[in-house]
Structure formats: structure tokens, C-alpha cells
Amino acid sequence: MLWMLLSVFFASAMLVSLRFVHMLQLSSYQTPGYRKWLRENGADVYRAMAPLAVGALLAAIFENEYMAIAAAASMLLALVLQPRKKAKKPLVFTGRVVRLLAAHALLLAALCIAAYFLWLAPFLWLGPRVPIALLCLSMFASAQILMVANWITMPLQKLINGFYLRDAQNKLAAVPNLLVIGVTGSYGKTSAKVFLHKLLSSRYNVLMTPESYNTPMGVVRAIREGLEPSHQLFVCEMGARHVGDIAELCRIVRPSHGLITSIGPQHLETFGSLENIINTKFELIDALPPEGIAFLADGNEHIHQRPISRRTVRYALRDDTGLDYRVTDISADRRGSRFTVTTRDGESREFLTPVLGRHQVENIAGAIAVAHTLGISLAKLALPVMGLENPPHRLRLIRGGGLTVIDDAFNANPAGARAALDTLAMFSGAKILVTPGMVELGERQNELNREFGRDAASVCDYVALVGVKQTLPIAEGLLEEGYPEARWRAFDTLGQAMDWVRGLDAEDKVVLLENDLPDNY
């Protein structure tokens, strides 16, 4: 009975711990973010472990072999049958995750062995109740035990990361004429990177960091797996959640030029202040060599107001002859966007693109500015601009099922949410917003979501909120503007919200899907 119970406990605890490892991975293996998730989801955590506790306690109380078998069966059955929400970003079994699970398993095994010897100890007159209590206690501390496992594996992880880093730097050194273009910003950096890669590839052999590989090890992986001696340019997306993150990336890739797409209140919880965000983004510009060029979205107030002591190329969506590249005559419909780019010396060209959104037009303008500065004429850029498309979940147009859907589900931020509403406003038909709101905005989160609700009230015919508690500030913003209560609803799930949208008595529905909260929210 003893070994069976210990084995079932171990297997069940490891099964439950997969969720903890998933959340730790989504928190970039950073303890503060993981602790925050535990604080906010403690009830769900302990509910997941309840079957183990019930089974263990039953076995302890009755001290019966058959009861132990029943307890084991109940534990495993409850865990297997427990409903699981499909993860938006599933757990990826990287080498680090495997090492983390191994360390966690060793710690749990040590507890099981301790329970075994306590059970056999002749001086414990309580029999199996003490070791069973130990197992219950350690089980409820499984989420915290994972943090210990993360700490234990950290030295080995640093050694492995160091090896990968040196290998990536050796590959970079083997391509001495490689031009590295760093791309950062509070939002828009992934889109700008994709657009820039497309435009530059019309003339050069270009490598870019794939998907959202914008952390040190993500960039290192992109270099090790993708860089070839034939590459001429490397477009490197640079993400940040803490002061110094961009500087660390710059030490790895040594950028030749830098593009800053935007600066705003993104990841305030980890940065602490807007000033820290501004300084961190400009770490890219500070790291450029003397001949390096800073490409700056001058329409952003935090970029416009920042004094720069090196060569800059500035672009914006306004008719200002002081700009190096100015964008005018912007229009959009269901086919995409049309706009005109004029250079400082007066050269002008109209562009057509299927990409939607004024802020995406600004990102395209940044890519045009870089490509034109690097020797590609505006005339030769017209065709690749026409072939651009919005990256997945960034104002991508989807038609089907009687709906026109503007999919902008990737990590909404205040400026991006406002731009998405502006895009929705350009469409005819019933304008419908479906959103769970914005997160990672620190102390201003409620205020900015309330403002989002007020903005939505002036554009949308209907609003479906996903998450009753999470979206309360948006609802308050709607009501502050006198938005009719019959035209908005709050739902527990996205599926329920979309069912409501499909059932609305309206023709020619245009649905904006704004943001999709990650699994650790």
C-alpha cells in the first residue's frame, strides 16, 4: 500500500506541476511574474490539487489497503477528467523545461522517500498519518517547490546560455560585413520588422528574427539556426520588460542602425515608470556606432521630444517639411490602405497595400525610410509594399461565416487599441468590438481600460466584453459616455461573446477582435 500511494502521489503531483511549469515559462522563468500569477490564481491552483489531498487523507484516515487503492484511483481519475482550457500558447518542452521538470521530480521524490522512512519509523505512534500529512503539505507547496527547482537549475542554465551565446557571437564574427538593424518599440516592432524584411529582401539577402523572438536567447537561437555567410543584413527585433534589456541585446548583436517604432506605457508593472521605458528603448540608439543611423517615428511624443546627438532619419504621418519622410493622403477601405510618402528632397510616391491601420501605415513608412536610405528607390519599393500583409493577429482582415473580422488579438496596448478603433471606424456596416481589455499596465491599467471604453462608445454599434471582472473598467467607460446598456454585454468566454455577436439583428457586421489575454491571466 505504501509504495503504491507514494507512486500515485508522485505521478499526480508531476501531472499537476505541468501547469505550474507552463505559467513559469510564460513568465519568462522570472520569479516575480510567476509569484504574481500564484497570488491572483491561488484558488484555481489549490482546486487543481484537491483530488490529491482528498485521496491522501482518505488513505490516512482509514489505514486500509483497499481504501488506498480507491484513493489512488480517485486521484488519477479526477486529474485526468479535470476540464482543461485549450492553451493559446501551449507549454513548449524545451531543454530548459525538461531540466526544470527533472529537478522538480527529484525534489518530490526526496519528499516521498522522507515519507517512506517516517512511515516505517517505530517511534511514530501515529502510524501513516504523519507521512501522509507531509505529502499533503508538500503537495500544496508544489507550486513553491517549482521555484526552488528553478533556482537550483539556474547555474546550469547560465552555463548552457553562455555556450549558446558564444556560438552565436562566433557566427556573427564570421560574417564581418553583416549590417545589423535593431528594431524596438513599445508596440509595432514585430510588424515593422516583418515589413522591413520584405522591403529589404527586394535587393538584399536578409535574415530576420522569426515570430516574436526578441529576448537574448531568442535572438541567439535565431542567429545560430539561421545566419549564413551569404546574408548581407540582419533585422533583429529587440523586446524589453526591464531596464537594461535592450542594452544586453545590443551587446550580443552590435547593431549598425536602429529603428524605434513607438514608446508608451507598455509593461509598466516591470519597468516601474514611463521614464524607464523611454530610457530603455533609447539604449538601442546609445549602442550604435558613430556612423550608425537612428530611424525614429517622430509622431510619437516621447520620441519627438528626445534630444539625439547622432544622425537621425525621422518619419511621421503628417505634412511637415522638416521630416525626412512624411506620409499624407491616407485612406482605407476593405481592400486595404493608400498613402503617399514624400522625402525631404521632395521626391514623392503613392503606395497601395492590403495592410490596414494608420499605425501600420506608420510602420510601413519606417520600413520605407530604412530601405530607401539603404539604396532602394521609392519606385522599386512600390511592388513589395503592395505585397505586404498584416502579421497574424495584428489588424488582419478575415472574411467568413457572414462576418468581416478585423483580427487584432495580439497583446493590445493603449495606442494600438485606439488605432484599431480608428480602423474600425473607416468601415461601413455594424461595427462590433469584442475584447477582454488590456493588461500589464501597472497602476494605470484601470484608468486606461476606462478610457478605452469611452473611445469605443464613440465608434462601436455593439460591444462584447470577455471576462466580467477583468473588463469592469471598460464597462464603466461605456456607461460614462451614456452607451445604451442594450448594446453591450459581458461574457465569461470568447465563445459566448461570439455567439452573441452572431445572433445580433444587424447586417454587414464588422467585428474587431482586440486583444487575447495570455494563459497566465
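Preceding block: the structure.
First things first, this report covers the structure right here in the doc. Predicted model only: the values in this text are computed from it and were never measured.

Attention shifts here to the pairing of strand β13 (residues 462-466). Along β13, 5 of the 5 residues are buried, which leaves the element largely enclosed by surrounding structure. Covered by surrounding structure in β13 are Tyr462, Ala464 and Val466 together with Val463 and Leu465, the residues of both alternating faces. Where strand β12 (residues 430-435) lies against β13, 4 bridges are found, and the strand directions are parallel. Its bridge partner lying in β13, isoleucine 432 is registered against tyrosine 462. Between β12 and its parallel partner β13, the chain crosses via helix α17 (residues 445-457), and the hand of that crossover is right-handed. Once the chain exits β13 it traverses helix α18 (residues 472-480) before rejoining the sheet at strand β14 (residues 488-491), and the crossover so formed is right-handed.

A word on the packing of aromatic side chains. According to the stated counting rule, one finds 6 aromatic pairs in the structure shown. Centroid distance tyrosine 34 to tryptophan 37: 6.3 Å. Interplanar angle 20 degrees. Geometry classified as stacked. One end of the pair is tyrosine 34 and the other is tryptophan 37, both in helix α2 (residues 31-62) and 3 residues apart, which spans about a single turn. Assigned by exposure class, tyrosine 34 and tryptophan 37 land together as buried. Cluster of aromatic residues (ring-pair linked, three or more members): Phe20, Tyr34 and Trp37. Between arginine 306 and the ring centre of phenylalanine 282, over which it is positioned, the NZ or CZ distance is 4.8 Å. Across the ring face of tyrosine 462, the terminal group of arginine 487 is positioned such that the distance to the ring centre comes to 5.0 Å.

Across 5 bridges, strand β10 (residues 396-400) lies against strand β11 (residues 403-408) in antiparallel orientation. The residue bridging leucine 397 from the neighbouring strand is isoleucine 406, located in β11. Between β10 and β11, which pair antiparallel one after the other, the connecting turn spans 2 residues, and glycine 401 there sits at a positive phi close to 65 degrees.

Reading the values: the criteria
Residues numbered from 1 in each chain as written. Predicted model: local features only at pLDDT ≥ 70, side-chain atom pairs only at ≥ 80, totals over all residues. Heavy atoms only, no water. Buried < 20%, exposed > 50% of the residue type's maximum accessible area, 1.4 Å probe, protein only. Helix = DSSP H or I, 4+ residues; strand = E, 2+ residues; numbered from the N terminus. Pairing = 2+ DSSP bridges. Right-handed = clockwise from strand over helix to strand, strands pointing away. Phe/Tyr/Trp six-rings, centres within 6.5 Å; stacked < 30°, edge-to-face > 60°. Lys NZ or Arg CZ within 6 Å of the ring centre and 35° of its normal.

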